[in-house]
Amino acid sequence: MPRVSLAEAEAPLVLALDMGTSSLRALLFDRHGRPVDGTEAQRPYDLRTTPDGGAEADAAPLFELLLGCIDGALQAAGGRVAEIEAVGSSCFWHSLLGLDERGTAVTPIYYWADTRSVRQVDELRREIDVAAMHARTGCPLHSSFWPAKLRWLRATAPATFGQVARWCSFGEYVMRRLHGEAAAGVSIAMASGTGMLDVRRLESDAEMLAVTGVDREQLAPLIDRDTPATSIGREYAARWPALAEVPWFPSLGDGACANVGGGAIGPDRLALTLGTSGAMRMVTPIVDLPLPDRLWMYRLDRAHGILGGALSNGGNVPAWLRRLLGIEVAADAWREAGELAPDAHGLTMLPFIAGERAPSWNAHAHGVVAGLTLATGPKELLRAGMEAVAYRFALIYEALAPFAAAGHEIVAGGAAILNSPAWLQIIVDVLDHDVLAPPPDEEASARGAAIAALVAIGVLTDLSAAPDPVDGAVVYRPDRDRHERYRAGLARHVRLEGLLFPDGGAWV
């Protein structure tokens, strides 16, 4: 999707907030869903990690960073700030945060990557019908989701657990800070990624409430994605007068927004996203179909489901290898890794440095490299990591493709893949399918939030009415010989995982 200058942007404008796992951003889009050049304000941040698997951040400092992003975007808008008619937001899925009666955070934000609840995953596996839970909530039993995390908190911090009046995600915390009790709801999209919602009935899952010790009233009421909060608190109205009465729409899950922003809003187009982590998703009507073990089904809204799988390990794999190997070799080794022949390094890697989600959903998984020799160097390790991530995508795609339309397209998104043609080609060859690659600066999640807001205020007729962002995209095509070589590597990869992690259990 080409950017437009501030002078070229057509009113009304939308302010999009993009709350990601490594940075927060705010930027403007025009009435056609085109990003407005020069209006983006971004603030990076780091998760606080712990040796026992923690991945968390404090809510209040992140909120202040987000306020700074909004300040920057509005300043960049200049005299056109008065033409902003809506605010939409995308937020990282699956985060868990506990608030007290006053709306003050009493826990950190626990991210999907926090694996400290693996013991509770094992407990729940013995107590409940896991397949039935998956069918109702759309979420596999895993430490990424709320049920195991809530059990862990209740067991390890009972006093804190008892202080919580409302469990929410960071997106709902932001709305409550800005709008007060008037914005106490949660979008269907965000709630569907918790593991606490029956995604077909659209009500809290009774069994998950029982096994976590959470009361139904401690979860925010569901609201539709077009239900706005229409006024902000006095402090923020004074800070941003132009936004004082503008409708603010509830946060939507970042994966759902990425599909909308990337034009992948039906079974004829799948979104493949590779950033710090990775995912492959499609928008589909909610139907009563048995879910494959490898996949989840969340919601975009009442009419649309999101079917797919998410990797815990994507761009973080080569980033970790670069840190491990030394920054002085990173640039040359990265180029040389891209030039190696397929599966020519003699290595088999399980890239589970951040645990693993799809396709295996093994809460105990950790990284493994087999086949090391004296000849193994940085470029071989980097190449093996790139290929291993591609193999995980292939296993998700194998489960997802039967639900897609015949002749479906795959569109790529995310900085890690769009800025690395060599890695993208590896994935294309492993999948044995064409992949459309938009420009590297494509802002799919933020654009999806903006499009949803434009539909809500009646500027666009529906989510597919914005211009197609893949028009003019580069098409990457697979090579049959390379695909055959990767098939051997994939088979070896699957065999090693089965040996070391049989039945998804811990390898000790």
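The preceding data block contains the structure.
What counts and how
Residues numbered from 1 in each chain as written. Predicted model: local features only at pLDDT ≥ 70, side-chain atom pairs only at ≥ 80, totals over all residues. Heavy atoms only, no water. Helix = DSSP H or I, 4+ residues; strand = E, 2+ residues; numbered from the N terminus. Rg over C-alpha atoms; globule rule 2.2 N^0.38 Å. Buried < 20%, exposed > 50% of the residue type's maximum accessible area, 1.4 Å probe, protein only. Contact = heavy atoms within 4.5 Å. Areas by Shrake-Rupley, 256 points an atom, 1.4 Å probe, with all protein chains shown as cover. Lys, Arg positive; Asp, Glu negative; His and termini not counted. Charge placed at Lys NZ, Arg CZ, Asp CG, Glu CD. Core = buried A, V, L, I, M, F, W, Y, C linked by side-chain atoms within 4.5 Å. Pairing = 2+ DSSP bridges. Axes fitted to C-alpha atoms, helices over the stretch in contact; angles between N-to-C directions. Phe/Tyr/Trp six-rings, centres within 6.5 Å; stacked < 30°, edge-to-face > 60°. Parallel < 35°, antiparallel > 145°, perpendicular 65-115°, else oblique. Nonpolar A, V, L, I, M, F, W, Y, C, P; charged D, E, K, R; others polar.

Undergrad: I'm lost on the overall build of the protein chain in this one. Help?
TA: Of the regular secondary structure elements, the protein chain holds 17 helices and 23 strands. A compact globule built from 508 residues should have a C-alpha radius of gyration of about 23 Å, and the protein chain, at 22 Å, falls within 12% of that. When the 508 residues of the protein chain are sorted by exposure, 58% land in the buried category. For the protein chain, restricting intrachain contacts to residue pairs at least 6 apart in sequence, the fraction spanning at least 24 positions comes to 75%. About 19,200 Å² of surface is accessible on the protein chain, with carbon and sulfur atoms providing 52% of the total. Looking at the protein chain, you have 45 positive and 62 negative side-chain charges, and the mean spots of the two groups are 3 Å apart.

Undergrad: How should the nonpolar core be read in this particular structure?
TA: Note that soluble globular proteins tend to have their nonpolar side chains buried in a common cluster. Of all hydrophobic cores here, the largest spans 133 residues; its most connected members are Leu15, Phe170, Trp240, Leu243, Trp248 and Met280. Non-local contacts of Phe170, meaning those with residues more than four positions away in its chain, are made with Met19, Leu24, Ala59, Leu62, Phe63, Cys91, Phe92, Ser95 and Ile109. Listed in part, the 22 residues of the second largest apolar core include Val121, Leu141, Leu150 and Val211.

Undergrad: Honestly, unusual backbone geometry in this entry has me stumped. Any pointers?
TA: With the exception of glycine, most residues fall at negative phi, and the peptide bonds are largely trans. Geometrically, the link from Ala11 to Pro12 is a cis peptide bond, its omega value of 5° lying close to zero. Within the secondary structure, Pro12 is located in the segment before strand S1 (13-19). Here the residue pair Ala358 and Pro359 is connected by a cis peptide bond, since its omega of 0° sits within 30 degrees of zero. Positive phi, close to 80°, is recorded for His94, a residue that is not glycine. Its place among the elements puts His94 in the loop between strand S6 (84-91) and strand S7 (97-99). For His94, a relative accessible area of 5% gives the class buried. Not every positive phi belongs to a glycine, and Asp432 is a case in point at roughly 60°. Its relative accessible area of 26% is what places Asp432 among the partly exposed residues.

Undergrad: Would you explain the side chain of Arg269 in this entry?
TA: One can find Arg269 in strand S15 (residues 269-274). Contact partners of Arg269, with chain neighbours within four places excluded, come to Gly262, Gly263, Ala264, Met282, Glu409, Val411, Asp468 and Val470.

Undergrad: What is the right way to read the pairing of S1 from this model?
TA: Residues in a regular strand point their side chains to alternate faces of the sheet. Within S1, seven of the seven residues are buried, which leaves the element mostly enclosed by the surrounding structure. Bridge analysis of S1 against S6 gives seven bridges, and the strand direction is parallel. Bridge pairing in S6 places Leu17 opposite Ser89. Here S1 pairs with strand S2 (residues 23-29) via six bridges, running antiparallel. Considered in S2, the bridge of Met19 is made with Leu24.

Undergrad: I'm lost on the sheet that holds strand S8 (residues 109-110) in this one. Help?
TA: Strand pairing in a sheet relies on backbone hydrogen bonds, with the paired strands running either antiparallel or parallel. If you walk across this open sheet you meet the three strands as S4-S5-S8, and the pairing is antiparallel. Two strands lie at the open edges of the sheet, namely strand S4 (48-49) and S8, each paired on one side alone. Pairing geometry for strand S5 (residues 55-57) and S8, over two bridges, is antiparallel. Each bridged residue has a counterpart across the sheet, and for Ala57 the counterpart in S8 is Ile109.

Undergrad: Could you clarify how one ought to interpret the sheet that holds S2 in this entry?
TA: One open sheet accounts for five strands, arranged S3-S2-S1-S6-S14; its pairing is mixed. Looking at the sheet topology across the chains shown, the edges are occupied by strand S3 (41-44) and strand S14 (252-253). Relative to S3, S2 runs antiparallel, the two being bridged by four bridges. Along S3, the bridge assignment pairs Leu24 with Arg43. Across the sheet, helix H1 (residues 59-77) touches S1, S2, S3 and S6, and the angle it forms with S2 is around 25°.

Undergrad: What is the right way to read the packing of aromatic side chains from this model?
TA: Pairs of aromatic rings are described using the distance from one ring centre to the other and the angle between the two planes. All chains considered together, the criterion is met by 17 aromatic pairs. Here the aromatic rings of Phe63 and Tyr236 are separated by 6.1 Å at their centres, their planes lie at 90°, and the arrangement is edge-to-face. With Phe63 in helix H1 and Tyr236 in helix H9 (residues 234-239), the pair connects residues that are 173 residues apart, well separated along the chain. Overall, Phe63 belongs to the buried group, its relative accessible area being 0%. Overall, the relative accessible area of 6% leaves Tyr236 in the buried class. For the pair Tyr391 and Tyr486, a centre-to-centre distance of 6.5 Å together with 70° between the ring planes defines the contact as edge-to-face.

Undergrad: What is the right way to read helix H6 (residues 170-179) from this model?
TA: Because an α-helix completes one turn every 3.6 residues, residues spaced three or four positions apart along the sequence face the same direction. Most of H6 is tucked away: nine of the ten residues are buried. Among the residues making up H6, those that are buried are Phe170, Gly171, Glu172, Tyr173, Val174, Met175, Arg176, Leu178 and His179. Phi turns positive one or two residues past the end of H6, at Gly180, with a value near 75°.

Undergrad: Any chance you could explain the packing of helix H15 (residues 421-431) against helix H17 (residues 480-500) here in plain terms?
TA: Two numbers describe a pair of packed helices, the interaxial angle and the distance between the axes. Where H15 contacts H17, the two axes come as close as 8 Å, and the packing angle between them is 80°. Classed by the angle they form, the pair H15 and H17 counts as roughly perpendicular. Residue-level contacts link Gln425, Ile426, Asp429 and Val430 of H15 to Arg482, His483 and Tyr486 of H17. In terms of residue class, the contact of H15 with H17 is made up of three nonpolar, two polar and two charged.

The values are spatial; any link to function lies outside them.
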